[in-house]
Amino acid sequence: MPYPVYIGSGLLPQLGSLYRRHGLGGRALLVSDETVLELYADTVLDSLKANDVEPIPVGIPAGEASKSLHMADQLYERLIRHRFERNAVIVALGGGVVGDLAGFVAATYLRGVSLIQLPTTLLAQVDSAIGGKTGVNHSLGKNLIGAFYAPSLVVADLGTLASLPQREWRSGLAEVIKYGLIADRALFEQTEALVGKLDARAPELESLVSRCVSIKAEVVGEDEREAGRRKVLNFGHTLGHALESITEYKHFRHGEAVLWGMLGEAFLSQRFGALPEMEFVRIRRLLSRLEKPALPDLDEQTLLAHVQRDKKNQDGRVHMVWLRHIGKCQVQPIDAKQLREVIGFWATET
Ligand SMILES: NC(=O)c1ccc[n+]([C@@H]2O[C@H](COP(=O)([O-])OP(=O)(O)OC[C@H]3O[C@@H](n4cnc5c(N)ncnc54)[C@H](O)[C@@H]3O)[C@@H](O)[C@H]2O)c1
């Protein structure tokens, strides 16, 4: 389902008028984590009030633990106690945690109310706020409960990235590099030139975020429910998700695990697939420049067990995104025997 995405600096103060322009209702629940609430909620609240929208702000603790059914229940309670009706609007101000949680609540409260995504991390602006995946974690696994639910509006204010910690920049940059690798050689080359120099004032930021959003929108537009093509967005994630789950989501930021995952999957693409050696060397050089936490001690069995839980797997076979060139990829099965070689390769990178 198509929806407008605004990208630029200084957009938060214009939220109220965008809200009205897109015909949204009169009452809004503003959901944010406590860090972001402190930084940007006043701007959003003032802009909504100036346009006769009645907003109620709710802060949740920052961090992955808030992406839970328990926290969703607390938000339902607010909505019910304040008598929000079908024309309610949930405004998600924050990173992927807030966006996924608030999006899930919007998808399920009264069988669905309007949702606005206001992403404030690079990762959320280029990835999680686009594409309609919402959800929470279960004690038995990440993102296991959720819904595909499109927002009515996405407003990515690049100015909010000025307060983003360095680690979060790196985590978002990993996803930017991923888009270049799977779909756009020129974007990959742009990231090569920008690594270490990118910040909220960089003149290239707007075109970079816009390009990532276009790639994601184009892929998702063809395959909203991940039956086929959307799986290419998972390059680096077969191994990345396994690393996150082995370390119980405490050791890596999502993008940091994806950086290790992309290194490993690029290696496998060269070793057993069609990726030319020279391309691999170039990818490795870029990914190695980005600081990331060291890998944990890994054994083959543990890695395989975690990779086998990947959502892309079909009929019991592990599927991975294979790079053919920088900017071209395909999804295909991979053998356990081949996967094992990645541990030895990673050891040469630490
Ligand atoms: N729905 C999807 O398609 C999708 C895609 C990728 C990732 N995700 C999910 O996204 C989540 C990760 O998102 P994230 O990396 O944005 O993490 P996050 O939401 O935890 O935010 C990271 C940290 O940055 C802080 N922060 C956010 N914006 C800030 C700002 N402008 N200035 C200062 N601090 C700021 C937050 O308080 C938090 O501590 C994971 O739960 C992951 O599963 C979802």
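Criteria and cut-off values
All residue numbers here refer to positions counted from 1 along the written sequence of the relevant chain. Local features in this predicted model are restricted to residues of pLDDT 70 or higher, and side-chain atom pairs are both shown and tallied only at a pLDDT of 80 or more, whereas totals for entire chains, interfaces and linings draw on every residue. With hydrogens and water excluded, all non-hydrogen atoms of the structure serve as input to the side-chain values. For every residue, the accessible area obtained with a 1.4 Å probe (protein chains only) is divided by the maximum for its type, and the residue is called buried under 20%, exposed over 50%, and partly exposed between those limits. Labels follow the DSSP assignment, with helices taken as runs of H or I lasting at least four residues and strands as runs of E lasting at least two, numbered in each case from the N terminus. Whether two residues are in contact is decided by their heavy atoms: any pair within 4.5 Å suffices. Cavities and pockets are defined on a 1 Å grid built over the protein atoms alone: a cavity is a set of grid points where a 1.4 Å probe fits but cannot escape, while a pocket is an open set with protein on both sides within 12 Å along at least five of seven lines, and lining residues are those with an atom within 4 Å of any such point. Grid points are joined across faces, edges and corners, and a volume is the space filled by probe spheres set on the points. Under the convention adopted here, Pro, Cys and the residues Ala, Val, Leu, Ile, Met, Phe, Trp and Tyr are nonpolar, Asp, Glu, Lys and Arg are charged, and Gly plus all remaining residues are polar. Stacked, edge-to-face and tilted are the three classes for Phe, Tyr and Trp ring pairs, Trp counted by its six-membered ring, which pair at centre distances within 6.5 Å; planes under 30 degrees apart are stacked, over 60 edge-to-face, the rest tilted. Criterion for a charge above a ring: Arg CZ or Lys NZ at most 6 Å from the ring centre, at most 35 degrees from the ring normal.

## Observations regarding helix α13 (residues 336-349)
Phase 1 of the analysis: Taken residue by residue, α13 has Gln338, Leu339, Val342, Ile343, Phe345, Trp346 and Glu349 as its buried positions.
Phase 2 of the analysis: Its buried side turned inward, α13 meets α9 (237-246), α10 (254-272), α11 (277-289), α12 (300-307) and β9 (319-325).

## Re the environment of glycine 103
Phase 1 of the analysis: For glycine 103, the position within the fold is in helix α4 (residues 96-108).
Phase 2 of the analysis: Residue classification places glycine 103 among the buried positions, given a relative accessible area of 0%.
Phase 3 of the analysis: Sequence separation between glycine 103 and alanine 124 is 21 residues, and the spatial gap between their C-alpha atoms is 13 Å.
Phase 4 of the analysis: Excluding residues that lie within four positions of it along the chain, glycine 103 makes contacts with Val98, Leu115, Thr134 and Tyr149.

## Side note on the layout of surface pockets
Phase 1 of the analysis: Within this model, the second largest pocket holds a volume of roughly 260 Å³.
Phase 2 of the analysis: In terms of lining residues, the second largest pocket is bounded by 17 residues, among which Met1, Tyr3, Gly131, Val220 and Glu224 are the most central.
Phase 3 of the analysis: No other element matches the five residues that helix α8 (residues 205-222) contributes to the lining of the second largest pocket.
Phase 4 of the analysis: Taken together, the residues of the lining of the second largest pocket sort by class into 11 nonpolar, three polar and three charged.

## Focus on the packing of aromatic side chains
Phase 1 of the analysis: This model, assessed by the stated rule, comprises three aromatic pairs.
Phase 2 of the analysis: Each ring, one from phenylalanine 267 and one from phenylalanine 345, has its centre 4.4 Å from the other, and the planes form 0 degrees; the classification is stacked. Separated by 78 residues along the polypeptide, phenylalanine 267 in helix α10 and phenylalanine 345 in helix α13 bring together distant segments of the chain.
Phase 3 of the analysis: Given a relative accessible area of 6%, phenylalanine 345 falls into the buried group.
Phase 4 of the analysis: Taking the ring centre of phenylalanine 84 as reference, the NZ or CZ of arginine 27 above it sits at 4.4 Å.
Phase 5 of the analysis: One cation-aromatic arrangement involves lysine 178 over tyrosine 179; the distance from NZ or CZ to the ring centre is 4.8 Å.

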